[in-house]
Every structure is written in C-alpha cells, then in structure tokens.
Amino acid sequence: MEYEFSIGSVRAREKHLLSSSDIDQMLTLTDEKELVRFLKDKGFGDGESVDALIESHARRMWQYIRRVAPDMGLFEPFQVQNDVHNLKTILKGVMSDRDYDALLLTPCTVDPKEMAAAVENRRFDKLPEWLGSAADRAYGLLAETKDARLSDAVIDRAVMERLLTESKHAKSVFLKQYLARLVFYANVKIALRAAKTGASEQYLEQALCDCEELDFKKLIRTAVAGSEPLLKYLDKLEVHDCRQAAVRYRKSPSEFERFVDNGTMQLARELCRFSCMGAEPLLGYYMACEGERKQVNIIAGGIKTGTPPEKIRERLRVSYG
C-alpha cells in the first residue's frame, strides 16, 4: 500500500515517454540541432546540446523519484555504480594530477568531495567498508604497477560482490533478478575481453566475481584458453539466455551487447510494465528513462557520423513501452 501513490503517478508519467513514432521521427533527422529541437518540443529536457538534454533528463528523473519513492534505499544499487565510476575517476585524477570534476556522476551514495578527500589523504576507512578496502588495494596497485586496468578490476569486483549481496536481500522480484543478471553478464564480458586480449589467469582471479550461476574456475580456465573455448562453455549455459548471447557474440560484440541490453529491458517489461503492486512500477519507470537516454545517444551518434537511418535502427534497443 505504501507504493499506491507512486504507482498512480508513474502510470500517468509513462504516457510522456518517447513512443515508437517519436523514434521513427528522430531517425528522419539529419542534424543535431534538429534533434535537440525535437527533444525539447517533447519535453525531454533542457539545454542546447544532446549531452545537456540527457543530463537534464537524468536530473529530472531523479528529482521525480525522490519525490514519490517511499524508500530511496530501493535505488541504492543503481547509485553505487556511480560511486564506482567516481572512485576510478578520482583515483586516476589524483595519481596523474589531472582535473576530474567534470567527469563525476550523480546521484551517488558517497559524496564526491568526501571520496576525493579519502583518496587524497589515503583515508579509505572514511568510505563504506565494501568500497574502502577495494579503494585501498586499487590505489596501491595503481601506484606500484601503473596498471589502470588491474586497478579498475579490483573496484569492479567489489561492486559486483556488493550487488550480489543486494540481490539476495532485495524484496523486489525485478531487482533481485536484474542484479543477478547484471553481475552474471559483467563476469561474462570481463571473460570475453580477457579471452580476446590474452589476459592472464592471475588477472581474471582478481577481476571476476564468484557467483552461483557460473563455474568460477571453469570460466577462468576457458577464458585463458581463448575465445572459442570460452564460447563453447557459454553455449552450455541456459541461464539468462546465455546460449543465445554467445550466438550473438559470434556475429559481433556489438550484437552481443544489444542482445544483453534487450534482455534486461524485456525483464523490466515482463515484471514491471503491467504490475500494479509494490516497487516494480517505479523501478520500471527508472529502467524506461535509462533506456530512453541510451536510444537518444545512439541516434545522436548516428547523426553525427552520417550513418544511414536503417543502420542506426539496427543498433537501437528494445523500448520499455
């Protein structure tokens, strides 16, 4: 019952999401200024560039969610991903003595200024425990080895472990499944990149997160052996449509990414779009807004590069509506 107001509000707000006909119209545009004008007319956001509109769109979404959500803790798993981005950005900025303020993301669970102070003074005990220990280790690796990829891997593993914990305790059915899927494919993507670049077993042991749906040792062993042995292992996994994802990867990595994104949105549509109880409608609205921004980015990128509309359409993701 505590979500009764937010559900009614979300259903009204969903009517203003970009429609399939809106997408069709955007694909006819040939200039970024036209796209900006179209999106502003649709009330997508404020600004004179696509980037400004997207930033405005995200800010409005979070303002709305804070206003109607009975419990903002529900959205913490999405915000900790911004924490991780900010930590990586601040670490590299501090170590290289470069400005990083413009690259930081919000909303987050840790104030970026507090995070920056923790990094600059190496007081990682000031950060949440799950993040502080990873930050300390990543800092040390970056200082000693200058290996940004390994440093990032330590932080990525920490957030995956955090999200797995969140998934096990989530009251929302969608959030539970979404987080499990997110961590599953984060592991798969790391393994695929490692297989392609010839990363070592030691790197994978640092980077991958042990989860129930993957054989941790076999994933490492097949990734070290190369892309084909890894894909053969993934072919045997039915969970999260992994077999189909492997088929798509053989076609192209971009087709794989699109397939994974579409599966996540289809999960939101299945569990949230027509739900009339609990947190699912509000979570679905969040997913819809994230999906909108991704669609706009893809279309804007295609317009900038002069990509034919039919090719841009091939890159678009499934929409929430």
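Located above this text is the structure these notes cover.
Heads up: these notes are all about the structure in this document. Bear in mind the structure is a predicted one, so any value in this text is a computation, not a measurement.

Thoughts on the pattern of salt bridges
In total, this model carries 21 salt bridges according to the counting rule given. Among the ionic pairs, Asp22 bridges to Lys42, the shortest N-O distance being 3.0 Å. With Asp22 in helix 2 (residues 20–26) and Lys42 in the loop between helix 3 (32–41) and helix 4 (50–68), this residue pair connects regions lying 20 residues apart in the sequence. What makes Asp22 buried here is its relative accessible area of 5%. By relative accessible area, Lys42 is classed as partly exposed at 40%. Note that Arg248 is salt-bridged to Glu255, the shortest N-O span being 3.7 Å. Assessed through its relative accessible area of 25%, Glu255 is described here as partly exposed. Put simply, Arg11, Glu14 and Arg273 are held in one network by salt bridges that share partners.

With respect to the packing of aromatic side chains
Centre distance and the angle of the planes are the two values used to describe a pair of aromatic rings. The full count for this structure, using the stated rule, is 12 aromatic pairs. Aromatic pair Tyr64 and Tyr285: ring centres 5.4 Å apart, planes at 70°, arrangement edge-to-face. Linking Tyr64 in helix 4 with Tyr285 in helix 15 (residues 280–305), this pair joins segments that are 221 residues apart in sequence. Note on Tyr285: relative accessible area 7%, which makes it buried. Taking 4.2 Å as the distance between ring centres and 40° as the angle between the ring planes, the aromatic pair formed by Phe78 and Tyr286 counts as tilted. Linking Phe78 in helix 5 (residues 76–96) with Tyr286 in helix 15, this pair joins segments that are 208 residues apart in sequence. Stacked on the ring of Tyr64, the Lys or Arg Arg13 has its end atom at 4.0 Å from the ring centre.

Regarding the nonpolar core
Among the nonpolar cores identified, the biggest contains 94 residues, and Phe75, Leu230 and Leu234 are the most heavily contacted of them. In terms of residue count, helix 9 (residues 173–197) provides more of this core than any other element does, 13 residues in total. With residues up to four places along the chain from it excluded, the contact list for Leu234 reads Val188, Leu192, Cys242, Arg243 and Ala246.

A closer look at the side chain of Thr89
The topology assignment puts Thr89 in helix 5. By relative accessible area, which is 12% here, Thr89 ends up buried. The contacts of Thr89, once residues within four sequence positions are left out, are Tyr100, Leu103 and Leu104.

What about the side chain of Asn86?
Along the polypeptide, Asn86 turns up in helix 5. When neighbours within four sequence positions are excluded, Asn86 is seen to be in contact with Leu104, Leu105, Cys108, Pro112 and Met115.

Conventions used here
- Residues numbered from 1 in each chain as written.
- Predicted model: local features only at pLDDT ≥ 70, side-chain atom pairs only at ≥ 80, totals over all residues.
- Heavy atoms only, no water.
- Salt bridge = Lys/Arg side-chain N within 4 Å of Asp/Glu carboxyl O.
- Helix = DSSP H or I, 4+ residues; strand = E, 2+ residues; numbered from the N terminus.
- Buried < 20%, exposed > 50% of the residue type's maximum accessible area, 1.4 Å probe, protein only.
- Phe/Tyr/Trp six-rings, centres within 6.5 Å; stacked < 30°, edge-to-face > 60°.
- Lys NZ or Arg CZ within 6 Å of the ring centre and 35° of its normal.
- Core = buried A, V, L, I, M, F, W, Y, C linked by side-chain atoms within 4.5 Å.
- Contact = heavy atoms within 4.5 Å.

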